[in-house]
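The residues making up each chain are set out below.
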Amino acid sequence: MIDTTALVAAGQLLLSSPMAWIVVPPGILIGLLFGAVPGLSISIAMAVFLPVTLYMDFLPAILFLTAIFTGGGFGAAIPAILMNIPGTSGAVATTFDGYPMAQQGRHGEALGIGLAASVIGTFVGYIFLLLVVGTLAGWILRLGPTEMLVVAVWGLLLIAVLNDSTFAKGVVAGCLGLLVSTVGYSNTGMMRGTFGSMYLLDGIPAIPALIGLFAASELFNLAGRDYIVADARLRKVSLARIFEGVGQAFRKWTAVIRGSLIGTVVGVIPGVGASVANLASYAMAKRRAPDPRTFGKGDPDGVIASEAANSSSEGGGMVTLLALGIPGGAGTAILLGAFAMHNVTGGPRFIAENTDIVYALILGNMAQTIVLLVVGLAFVFVAGAIVKTPIRYLIPLVIAVAMMGAYAITGNMLGPMTVAGAGAVGWLMRRYGYPVTAAVVGLLVGGMAEGELVRSWQISGGNIAFILDRPITLTLIGLLLLSVLPGLIRRARGGRKTHPVS
Amino acid sequence: MSHSPKQASARRSLAALVRAPGALLFALALALAMGFYAWSILDSARRTTDWLLIVPAALVGIAALVFALTGDLKGLFTAPSAEKPAPQAEPGDAPASGWFSGDVVGFALMLLVLGYALALPWLGFDLGTFLFVALALLIQGERRWLRLVFVSILSAGLFVYVFKTLLGVRLPTLFL
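Residues numbered from 1 in each chain as written. Chains lettered and ligands numbered in written order. Predicted model: local features only at pLDDT ≥ 70, side-chain atom pairs only at ≥ 80, totals over all residues. Heavy atoms only, no water.

## Quick notes on the nonpolar core
In terms of nonpolar packing, the biggest core is built from 204 residues, with Leu 40, Phe 214, Ile 362, Met 403, Met 429 and Tyr 434 of chain A together with Phe 125 of chain B touching the most fellow members. If one sorts the elements of this core by residue count, helix 8 (residues 107-141) of chain A sits on top with 15 residues. Non-local contacts of Tyr 434 of chain A, meaning those with residues more than four positions away in its chain, are made with Lys 169, Val 172 and Met 429 of chain A together with Phe 26, Ala 27, Leu 65 and Ala 68 of chain B. Counting six residues, the second largest nonpolar core, distinct from the first, contains Ala 93, Ala 285, Ala 289 and Ala 305 of chain A. (Core = buried A, V, L, I, M, F, W, Y, C linked by side-chain atoms within 4.5 Å. Buried < 20%, exposed > 50% of the residue type's maximum accessible area, 1.4 Å probe, protein only. Helix = DSSP H or I, 4+ residues; strand = E, 2+ residues; numbered from the N terminus. Contact = heavy atoms within 4.5 Å.)

## Brief notes about the packing of aromatic side chains
All chains considered together, the criterion is met by 13 aromatic pairs over all chains. Ring geometry for Trp 427 of chain A versus Phe 107 of chain B: centroids 5.8 Å apart, planes at 40°, classification tilted. Of the two residues, Trp 427 of chain A sits in helix 20 (residues 414-431) while Phe 107 of chain B sits in helix 4 (residues 101-139), which places them in two different chains. With 5.6 Å between their ring centres and 65° between their planes, Tyr 434 of chain A and Phe 26 of chain B make a pair best called edge-to-face. Of this pair, Tyr 434 of chain A sits in the loop between helix 20 and helix 21 (436-460) while Phe 26 of chain B sits in helix 1 (residues 5-44), each in a different chain. Judged on exposure class, the residue Tyr 434 of chain A and its partner Phe 26 of chain B are both buried. Each member of the aromatic cluster is reached from another via a ring pair, and the members are Phe 34, Phe 49 and Phe 64 of chain A. Sitting above the plane of the Tyr 434 of chain A ring, Lys 169 of chain A keeps its charged end 5.1 Å from the centroid. (Phe/Tyr/Trp six-rings, centres within 6.5 Å; stacked < 30°, edge-to-face > 60°. Lys NZ or Arg CZ within 6 Å of the ring centre and 35° of its normal.)

## Quick look at a nonpolar patch on the surface
Residue and element names in this part refer to chain A. A surface patch of nonpolar side chains, about 210 Å² in accessible area, is lined by Phe 123, Ile 127 and Leu 131. For Leu 131, the position within the fold is in helix 8. What makes Leu 131 partly exposed here is its relative accessible area of 32%. (Patch = residues over 30% accessible without salt bridge, like charges linked within 9 Å, V, L, I, M, F, W, Y side chains within 5 Å. Areas by Shrake-Rupley, 256 points an atom, 1.4 Å probe, with all protein chains shown as cover. Salt bridge = Lys/Arg side-chain N within 4 Å of Asp/Glu carboxyl O.)

## What about unusual backbone geometry?
In terms of backbone geometry, most residues other than glycine have negative phi values and most peptide bonds are trans. Residues and elements named next belong to chain A. Although it is not a glycine, Asn 84 adopts a positive phi angle of roughly 65°. Tracing the sequence through the fold places Asn 84 in the loop between helix 6 (77-83) and helix 7 (92-103). Assessed through its relative accessible area of 39%, Asn 84 is described here as partly exposed. Of note in the backbone geometry, Asn 343 takes a positive phi value of approximately 55° without being a glycine. Looking at the element boundaries, Asn 343 is found in the loop between helix 16 (330-341) and helix 17 (348-353).

## Some points on the interface of chain B and chain A
Across the contact, 74 residues belong to chain B and 65 residues belong to chain A. Summing the contributions of chain B and of chain A, the shared interface buries around 6,400 Å²; its carbon and sulfur component is 74%. Taking the shortest distance from any N to any O, the salt bridge between Lys 169 of chain A and Asp 72 of chain B comes out at 2.8 Å. The interface formed by chain B and chain A includes six residue pairs in polar contact (both at pLDDT 80 or more). Elements with a contribution of two residues or more to the side of chain B that touches chain A: helix 1, helix 2 (48-51), helix 3 (54-78), helix 4 and helix 5 (145-166) of chain B. If you tally residues by element for the side of chain B that touches chain A, the top one is helix 4 of chain B, at 20 residues. (Buried area = accessible area lost by both parts, 1.4 Å probe. Polar contact = N/O pair within 3.5 Å; in protein donor to acceptor, adjacent residues only side chain to side chain.)

## Focus: the packing of helix 5 (residues 58-75) of chain A against helix 16 of chain A
Residue and element names in this part refer to chain A. It is the contact of helix 5 with helix 16, at a shortest axis distance of 10 Å, that shows an interaxial angle of 165°. Looking at the two axes, helix 5 sits roughly antiparallel to helix 16. Considering how the two elements wind past one another, helix 5 and helix 16 form a crossing that is right-handed. Contacts between helix 5 and helix 16 pair Phe 58, Ile 62, Leu 65, Thr 66 and Phe 69 from the former with Gly 331, Thr 332, Leu 335, Ala 338 and Phe 339 from the latter. In the contact of helix 5 with helix 16, the residues fall into seven nonpolar, three polar and no charged. (Axes fitted to C-alpha atoms, helices over the stretch in contact; angles between N-to-C directions. Parallel < 35°, antiparallel > 145°, perpendicular 65-115°, else oblique. Left-handed = near helix turned anticlockwise from the far one by under 90°. Nonpolar A, V, L, I, M, F, W, Y, C, P; charged D, E, K, R; others polar.)

## Describing helix 5 of chain B
Spacing of three or four residues puts side chains on the same side of an α-helix, whose turn is 3.6 residues. All names here are of chain B. A rise of 1.5 Å per residue sets the reference length of helix 5, with its 22 residues, at 32 Å; its end C-alpha atoms lie 30 Å apart and thus fit the reference within 8%. For helix 5, the complete set of buried residues consists of Leu 148, Val 151, Ser 152, Ser 155, Ala 156, Phe 159, Val 160 and Phe 163. Summarising the axial view, the buried residues of helix 5 lie within an arc of 135°, below the 170-degree limit, and thus occupy one face. Across from the buried face of helix 5, at angles greater than 90 degrees, the exposed residues are Leu 146, Phe 150, Ile 153, Leu 154, Thr 165 and Leu 166. In the stretch just after helix 5, Gly 168 is the one whose phi turns positive, near 75°. (Expected span 1.5 Å × (residues − 1). Arc of directions from axis to C-beta.)

See the structure below:
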């Protein structure tokens, strides 16, 4: 299951690269910050700081970005508990019991519980990844081009189905991303969609496009909507109470583990991540509780369920990203962008050939949870002041950093231009309900999908009946239909009824 | 918020009406772009593999756009209030003032960023960033001038210093 030689090598790799350790505390801090400020999201943080990793080696670069991911998971819980405002969509369920606890004066305890649950949750998610990644890669390596094509389409479709917007709009966004990815000089030696511009020979730069779609467009959306936090009462936090909460979470370890396992499994599925994991886990904990009526009135188990699940979904998402090379959400899409920036192609071949690096990534992420515990504790005390920072100041500053970062990546004005253009397109997409995540994933897997499609075509000689001889492809298509159709039918039937009547 | 449900519903239906032409135009533009791209590729392709991904993706995209649009329009005519609120429309973030001011500010900011990108080759990152931050704060309603100028100068200077001197990126600049 685990390749022990590679594991030892991974340990040595981690010990011999100090940079991999130095970048973690700042990463966690950035994640805590962006998670804790309502409106700013973890994907904005990861997108904006992606260019910084240009100057790092692969391992520290990815550890830095996953540290932002990890920090953001707990950062979002702070305003959720203190002010009933989830810092990101992953902490919605944290408000259900976290805020009532704060109203009862038990906010220190709630923060401690949330922190411990986040730490254990992240740890469990990565343990799962460590256990399955090698085996999974072994299987996936045996898949041929037709199978990989089905897997890529499957991933895209799941993101389209499981999104908040309609299925049709998800498909539109995915196709848009695929088409944009084909701009430039193709593998078959053809110039596509460049309009004769030298700049576009290499295509639309994926990372500035990703920064524009994830970060800039969301920041435009935030403008003019100041969150009402100025009048929220901020409470004094005492270290003793936090430790009490941490202890309480460790005593309720079965609940933490249950939440973590739910989060991990939900995280594996493309299209859903922390934002679904926390709600699913909360619902499950409530259903299995001896007295469900205590939920929503300040039950620590509610905070545990939500925080353990939103943190562990990170490790689950990494399973899909590493094994298949397909990102399931915004965070893993940015990681795939970072892979590309360092000329690494995610997927089974990478795992098989660089098992030590993959294990080092996983071990590094497990070690990060201890850093999260320390940095997160310190952060709780300053969080009150940070959360009150007016968002209108943060918006232009974050955009300015993103533009400079984009210039650093492309080395010319195409980078900033792409950020601005993709930001505008992303803003329109969000406004009219098209999921930007599907577009970004389409953009990132487009090259792989086209490659597998062309290879399938060449092997089969253009004969579609070829797939009838490939049982695994047929099985995968069957699974694809099984996983996508029920959701579609439910939507078509209940679409009118389920519209929120607020 | 102090709005009655009736007011809120009227407000939503009006917002949906205002959005409808935009949704139509956006979908149309997307469909045209996809169609034109696929057609131009098909026109100049020499082998099947040149268009193997692009043409099907464009066709699926256009078909899905038609579905998406009928869904939008149906929602508009049958039950205007059924329009899903924007994902950001959480209870905590009412528009600052007026009915659509949030959207207008967002749109203005989007144009400003496009202008920032286009002006960068001439203004450089130092002056360009200063002007961008100052104007962005102005658009968002900041009227404390001293603070506005201070933040813009400080951020432009600091960011250019970090990227140019610390990270060694050759940012084009005017003064710094």
